[in-house]
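# Descriptive analysis of the structure
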Amino acid sequence: MTTTPAIRIEALEKRYAGVRGEPGKHALKGVSFDVPQGQIFGLLGPNGAGKSTLINILAGLVVKTGGRASIWGFDIDEHPRNAKRSIGIVPQEIVFDPFFTPYEVLENQAGFYGIPARDRRSAALLEAVRLADKRDAYARTLSGGMKRRLLIAKAMVHSPPILVLDEPTAGVDVDLRRQLWELVTALNRDGVTVVLTTHYLEEAEALCDHIAIINHGELITSKPTRELVEMAREKIVRVSLDREVSTLPPHDAFRRVETPQPRMLEVTYDRDVATAGQVLAIIQQAGYGIEDVTTREADLEDVFVQLTQDSAPRDA
Ligand code: ADP
Ligand code: MG
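Being a predicted model, the structure only gives us computed values, none of them experimental. (Residues numbered from 1 in each chain as written. Chains lettered and ligands numbered in written order. Predicted model: local features only at pLDDT ≥ 70, side-chain atom pairs only at ≥ 80, totals over all residues. Heavy atoms only, no water.)

A count of helical and extended segments in the protein chain gives 10 helices and 14 strands. Projected onto its principal axes, the C-alpha positions of the protein chain cover 80 × 50 × 45 Å. Counting all 316 residues of the protein chain, 45% fall into the buried class. Here the protein chain holds 38 positive side-chain charges and 44 negative ones, and the gap between their average locations is 6 Å. (Helix = DSSP H or I, 4+ residues; strand = E, 2+ residues; numbered from the N terminus. Buried < 20%, exposed > 50% of the residue type's maximum accessible area, 1.4 Å probe, protein only. Lys, Arg positive; Asp, Glu negative; His and termini not counted. Charge placed at Lys NZ, Arg CZ, Asp CG, Glu CD.)

Now the structure itself:
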């Protein structure tokens, strides 16, 4: 049995209009991937990669210039209303009318979606984001963290099966970050598919079941987090030598050999094929004296750096 993906993106393109003869930014260059139901899905990429453009297309805030997208099986062009009803989006910026209370913010949003009074659950949502005691406070008196939690409640007013958060933890402190992680995890346990964008790798690694990486508007990879971290089967040994390095004999276990300084070698090797001792022996056999050694394990960060370096931009 195949289930409909929560989100399906096919050859998605966005070319922003240029100004005064300047060519427009080609922000998405044919991106395709599926977000399976029930997951916490991370959309990762450096600043300017195209993450918000993609999210804003799903939100109906940006008009795509090519490709297709469907949300909960509803094509965003053919069934825009159903598509919109299936998704709740938390934008990166916090915008509220300062004179509404949290309860009113949620009631207004429910009104916007045409939810009849008896079906509203503003109080329960405030409870869920731990703002029940702030129910009647003015939005302007809430802390940054409370505002973010209120935005999540607002995105969930129409009970969408999918919640999308654009950079929920950019520039927030450690405590709030933990609170947001807990909230996201709890919603996911209750069956909500969560998509979040981030440029924090450790956040993606800790929170997400699956990670898609985009860079310069192109999809680089989309894999279960476990598999992506598994790709980090490399270790790195850095040695200071007694003289300048010219060549090192090739070896099956070596993935990369770099010389960050004239008398320094950095060898990235496959830890399944060789040990650090063997790498050092090879260097010594090549006639170098070793003065100092450090080693480290590759992590998601290294995988990310390598994958994004391999995908040089094709145009502006
Ligand atoms: P991310 O969210 O990954 O940081 P964005 O989707 O915001 O990336 O931006 C992708 C690229 O598109 C960037 O080069 C950005 O400058 C450009 N861009 C974003 N919004 C607009 C816009 N409204 N008009 C023109 N270019 C834009
Ligand atoms: Mg962004």
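To continue, consider the pattern of salt bridges. Opposite charge on two side chains permits them to pair, given that their charged atoms come into close proximity. One pass over the structure, following the stated rule, counts 13 salt bridges. Where E167 meets K51, a salt bridge forms, and the shortest distance between an N and an O atom there is 3.8 Å. Residue E167 is found in the loop between β7 (162-166) and α6 (174-189), and its partner K51 is found in helix α1 (residues 51-59); the two are separated by 116 residues along the sequence. The residue K64 makes a salt bridge to D77 at a minimum N-O spacing of 2.7 Å. Here the residue K64 occupies a position in the loop between α1 and β4 (66-71), and D77 occupies one in the loop between β5 (74-75) and α2 (80-85), the gap between them amounting to 13 residues. With a relative accessible area of 52%, D77 lands in the exposed category. Taken together, the shared-partner salt bridges in this structure form one network comprising E10, R68 and D75. (Salt bridge = Lys/Arg side-chain N within 4 Å of Asp/Glu carboxyl O.)

A relative accessible area of 6% means that E167 is categorised as buried. Taking the C-alpha atoms as reference points, E167 and R189, separated by 22 residues in sequence, lie 21 Å from one another. The residues contacting E167, other than those within four sequence positions of it, are K51, Q92, R148, T197, T198 and H199. (Contact = heavy atoms within 4.5 Å.)

Contact pair helix α3 (residues 102-112) / helix α5 (residues 144-155): the axes reach a minimum separation of 9 Å and the direction vectors enclose 25°. Considering the angle they form, α3 stands roughly parallel to α5. In the crossing of α3 with α5, the sense of the turn from one axis to the other is right-handed. Residues P102, V105, L106 and Q109 of α3 pack against L150, A153 and K154 of α5. Considered class by class, the residues forming the contact of α3 with α5 number five nonpolar, one polar and one charged. (Axes fitted to C-alpha atoms, helices over the stretch in contact; angles between N-to-C directions. Parallel < 35°, antiparallel > 145°, perpendicular 65-115°, else oblique. Left-handed = near helix turned anticlockwise from the far one by under 90°. Nonpolar A, V, L, I, M, F, W, Y, C, P; charged D, E, K, R; others polar.)

Around ligand 1, a shell composed of Y16, K25, A27, P46, N47, G48, A49, G50, K51, S52 and T53 is seen. The separation between an oxygen atom of ligand 1 and a polar main-chain atom of G50 is 2.9 Å. In isolation ligand 1 exposes 570 Å². Once the protein is present, 61% of that is buried. The greatest single-element share of the shell around ligand 1, amounting to three residues, is contributed by α1. The residue makeup of the shell around ligand 1, split by class, is four nonpolar, five polar and two charged. (Near = heavy atom within 4 Å. Polar contact = N/O pair within 3.5 Å; in protein donor to acceptor, adjacent residues only side chain to side chain. Areas by Shrake-Rupley, 256 points an atom, 1.4 Å probe, with all protein chains shown as cover.)

Tracing the backbone shows G60 in the loop between α1 and β4. We classify G60 as partly exposed; its relative accessible area is 47%. In the structure, G60 is positioned 74 residues away from K134 in sequence and 31 Å away in space, judged by C-alpha atoms.

This part is about the pairing of strand β11 (residues 234-241). Of the pairings in the sheet, the one linking β11 to strand β13 (residues 264-270) comprises seven bridges and is antiparallel in character. In the strand pairing of β13, I236 is matched with T268. By the bridge criterion, seven bridges tie β11 to strand β14 (residues 290-297) in an arrangement that is antiparallel. Directly across from S240, in β14, lies its bridge partner D292. (Pairing = 2+ DSSP bridges.)

With respect to the helices, strands and loops of the structure, D190 is situated in the loop between α6 and β8 (193-198). For D190, a relative accessible area of 68% gives the class exposed. Measuring from C-alpha to C-alpha, the distance between D190 and E167 comes to 22 Å, with 23 residues separating the pair along the chain.

What follows concerns unusual backbone geometry. Located in the positive-phi region is W72, a residue other than glycine, with phi close to 55°. By the element assignment, W72 lies in the loop between β4 and β5. Relative accessible area serves as the criterion here: at 29%, W72 is assigned to the partly exposed category.

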